[in-house]
Amino acid sequence: MDQPKKKFSNEERIAFVQNQKRKSQYFLAMLSVIGVLGFFLIWQISVSTGLLSEKFLASPLAIFNLFVVKLTDPAPDGAVLGVNVLASLQVSLTGFLLAIIIGIPLGLLMGWYRGFDSFMRPVFEIIRPIPPISWIPLTIVWLGIGLQAKAFIVFFSAFVPCVINAYTGIKQTNPVLINVAKTCGASNFTIFRKIGIPSSMTMTFAGIKVALGNAWATLVAAEMLSASAGLGYMILMGRQFARPDIIILGIVVIGIIGTLFTAILNMVENKVLGWKKL
Amino acid sequence: MKRKLLSALLILTLCTSLLSGCGQAQNSSEATSGEKSSTGGKTTFGIEPFKDTQTLRVGYFAGSALSIPFYIADKEGFFKELNIEVDYQTFTNGPAMMEANADWDIAGAGSAGVLVGQIGHDTPMLGIADYEDNQGLFVRKDSKIAQDPTNPDNWKGTTWLYPVGTTAHFTLATQLEKLGLSMSDIKSVNMDVSSALNAFNGGQGDGLAVWNAFACNAEDQGYVRISDAGKLGITNTSGLVSTREALKDKRELLTKTWAVFYKTVDWINASEENKNKAIAYYKDSCDEEGIKVDESLAKRIMDYFKCPSFDKSIELMTKTVEDPKGLYTKRPLLQAENDLLVTMDFFVKQGKYKAEDRVKLLDDGLIDPSIAKEAKALMESAAK
């Protein structure tokens, strides 16, 4: 005899769905962890079995040991890991934040005001394809060799995606919303502020994420300009003294910090754009 | 008709570009002494030519005098008469050259580059290419250091621009040590030599440590040379390096190249006329690499060039002495090993290399005298 199907109340149904969702999230998170661990395991086995030469690629365990050592030992680059991380954070965050502060308003204004777009776009299109590294010789002359010079190189790599995404985001504003606002008598600036900017935020956040990646990617180049500490500098010194383990440690730390920043950005994005998910 | 004309024009353009392409190898073996036979006639140094053409891949250090014997031997036809074609791979810094060791058979590099190659890439040194004295320390005329370089207080807290981990670093540290100071008494900013000079011109830093053409350029721009490797008595050894693969597969080619390299040094020093030719060749090689050098600068750089003669090079690679520091007791050391260890010991002291690296250098025979010995035998048989 079939058992009668249990009927869920609304509260139970919600709890059941939430539970399923939690399980699914947990499962996906575990998959990510297994993916990372699997990657390190394959790497470790490849080095331990001699498939990859330790001379050219240090094992994850060796990198971890070096990480512990570098927390207190400044050799061979002359600075402990913490100092290097702080120096790099200072450079990359200065350039990155400047790119956001200047790039996003510029992109939004260019995307909204046609006249401003016609005025700025040709200059932007000329600057856009220039590789950030090619600014190095001029940067030395213009800005010297201090923080501002290195931040300028990082700024250029982060600035372009900020402008482009903000520009594209605001261009994609739903014309129906604009027309409704116009019908209600809103001024162009009010529509820009209350409809254009919120509509562009998804694309803008995507641009900020790309900009963050670019900022970290340009770090080594910026620290090639001049440095006495920093993760890029540490990598260069690893090359200078034939220490691939130092190079890999620098790369891994850059990767981890980049991942942390992306996670923080995702949280900020969820907070700011929470209304879009309703 | 139009189509035929267009086709003919296209074919003509293609042929022209192919022909001009063939003629554009700037650094190819273009002998200036074309009379010499490459198939059996007497060669300049009496070395027997190869029957078949051999390609020698040279890791060439642009703008540095230590590589110039390769270029001169090529231009004077010393390689061509032996049926050796030279293929240049140009670099501007030692570590990059060593990383790309799969692309060359023999190369010349400064001591820091040689050490990176030995420790990180297993590339043995075959001989000494130069004792680089032109590693200069520069300050501005109005600086306190220029007024009294012997006062340590004038040095304390100053900012120096130089490539960290190179012989410029070694020179600066030696100068500081002489004054009773250490590297921690100054602020170091890591920059490659051309950027460092550029920044110094832009008013950055209090001091500059650079080498070769950049050092002479700094001098020409009115900066005061406080000291250099020569004045400080630093044994700053540049080396000829090779790869294990080339040592295994191209031994005869390396032996003849080694002999030609040092015999070319003897040729340079044989007469004033040859010295002047060498200066012109150095300028040509810099022009080809886009490095700004005038005749006066080329002359000064070649005056600093102190590559040992053929006989002296043999002696450096065969004569043995005990390790003066008493750190290595397994066997007596070659003079060339002792010379290179001066730089190695500095980097070990600075925490850049480990003491085990010093032992590895000697245990693994990374200063290899075998080619020098074979070159000696080759020249002895050529003399008979």
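Residues numbered from 1 in each chain as written. Chains lettered and ligands numbered in written order. Predicted model: local features only at pLDDT ≥ 70, side-chain atom pairs only at ≥ 80, totals over all residues.

## Structural notes on the domain arrangement of chain B
Residue and element names in this part refer to chain B.
Phase 1: If you check the domain split of chain B, you get domain 1 (54–131 + 236–383) and domain 2 (135–228).
Phase 2: Placing the centre of domain 1 and that of domain 2 at their C-alpha centroids yields a distance of 27 Å.
Phase 3: With 17 residues of domain 1 in contact, the opposing surface of domain 2 contributes nine residues.
Phase 4: Elements with a minimum of two residues in the side of domain 1 that touches domain 2: α4 (111–121), α13 (295–304) and α15 (335–349).
Phase 5: With three residues, α13 is the largest single contributor of residues to the side of domain 1 that touches domain 2.
Phase 6: Of the residues contributing to the side of domain 1 that touches domain 2, the split by class is eight nonpolar, seven polar and two charged. (Domains from an automatic or database assignment. Contact = placed C-beta atoms within 7 Å. Helix = DSSP H or I, 4+ residues; strand = E, 2+ residues; numbered from the N terminus. Nonpolar A, V, L, I, M, F, W, Y, C, P; charged D, E, K, R; others polar.)

## Points about the sheet that holds strand β8 (residues 207–211) of chain B
Pairing between sheet strands relies on hydrogen bonds along the backbone, with the strands arranged either parallel or antiparallel.
Residue and element names in this part refer to chain B.
Phase 1: With mixed pairing, the five strands of this open sheet are ordered in space as β7-β6-β8-β5-β9. Where the open sheet ends on each side, the last strands, each with one partner, are β7 (187–190) and β9 (224–228). Mean inter-strand twist for the sheet, computed between neighbouring axes without regard to direction, equals 25 degrees.
Phase 2: Where strand β6 (residues 159–162) lies against β7, four bridges are found, and the strand directions are parallel. Within β7, the position partnered with Y162 by the bridge is N190. (Pairing = 2+ DSSP bridges. Axes fitted to C-alpha atoms, helices over the stretch in contact; angles between N-to-C directions.)

## Focus on unusual backbone geometry
Phase 1: A cis amide bond, omega 0 degrees, links A75 of chain A with the succeeding residue P76 of chain A.
Phase 2: Structurally, P76 of chain A can be placed in the loop between α2 (60–70) and α3 (81–112).
Phase 3: Phi at D122 of chain B is positive, roughly 60 degrees, even though this residue is not glycine.
Phase 4: Counting through the fold element by element, D122 of chain B comes out in the loop between α4 and β4 (125–131).
Phase 5: Taking the number of C-beta atoms within 10 Å as the measure of exposure, D122 of chain B has 15 and is therefore partly exposed.
Phase 6: Despite not being glycine, N212 of chain B has its phi angle at roughly 40 degrees, a positive value.
Phase 7: Here N212 of chain B is to be found in helix α9 (residues 212–220). (Buried ≥ 20, exposed ≤ 12 C-beta atoms within 10 Å, placed from the backbone.)

## Digging into the pairing of strand β2 (residues 84–91) of chain B
Across a regular strand the side chains alternate sides, sitting on one face of the sheet and then on the other.
Phase 1: Where strand β1 (residues 54–61) of chain B meets β2 of chain B, eight bridges bridge the pair, whose relative direction is parallel. Paired with G59 of chain B across the two strands is Q89 of chain B, which belongs to β2 of chain B.

## A closer look at the environment of V91 of chain A
All names here are of chain A.
Phase 1: For V91, the position within the fold is in helix α3.
Phase 2: With 28 C-beta atoms counted inside 10 Å, the residue V91 sits in the buried group.
Phase 3: Sequence separation of V91 and A215 is 124 residues, and the distance between their C-alpha atoms is 9.1 Å.
Phase 4: Non-local contacts of V91, meaning those with residues more than four positions away in its chain, are made with L147, K150, A151, V154, L219, A222 and G230.

## Here's the deal with the environment of W211 of chain B
Residue and element names in this part refer to chain B.
Phase 1: Mapped onto the elements, W211 comes out in strand β8.
Phase 2: Along the sequence, W211 and R251 sit 40 residues apart, while their C-alpha atoms lie 33 Å from each other.
Phase 3: Here W211 is in contact with E132, N134, Q135, T167, A168 and V193, once residues within four sequence places are set aside.

## Observations regarding the domain arrangement of chain A
Phase 1: Domains assigned within chain A are domain 1 (1–52) and domain 2 (60–277).
Phase 2: Its C-alpha centre places domain 1 of chain A at a distance of 33 Å from the equivalent point of domain 2 of chain A.

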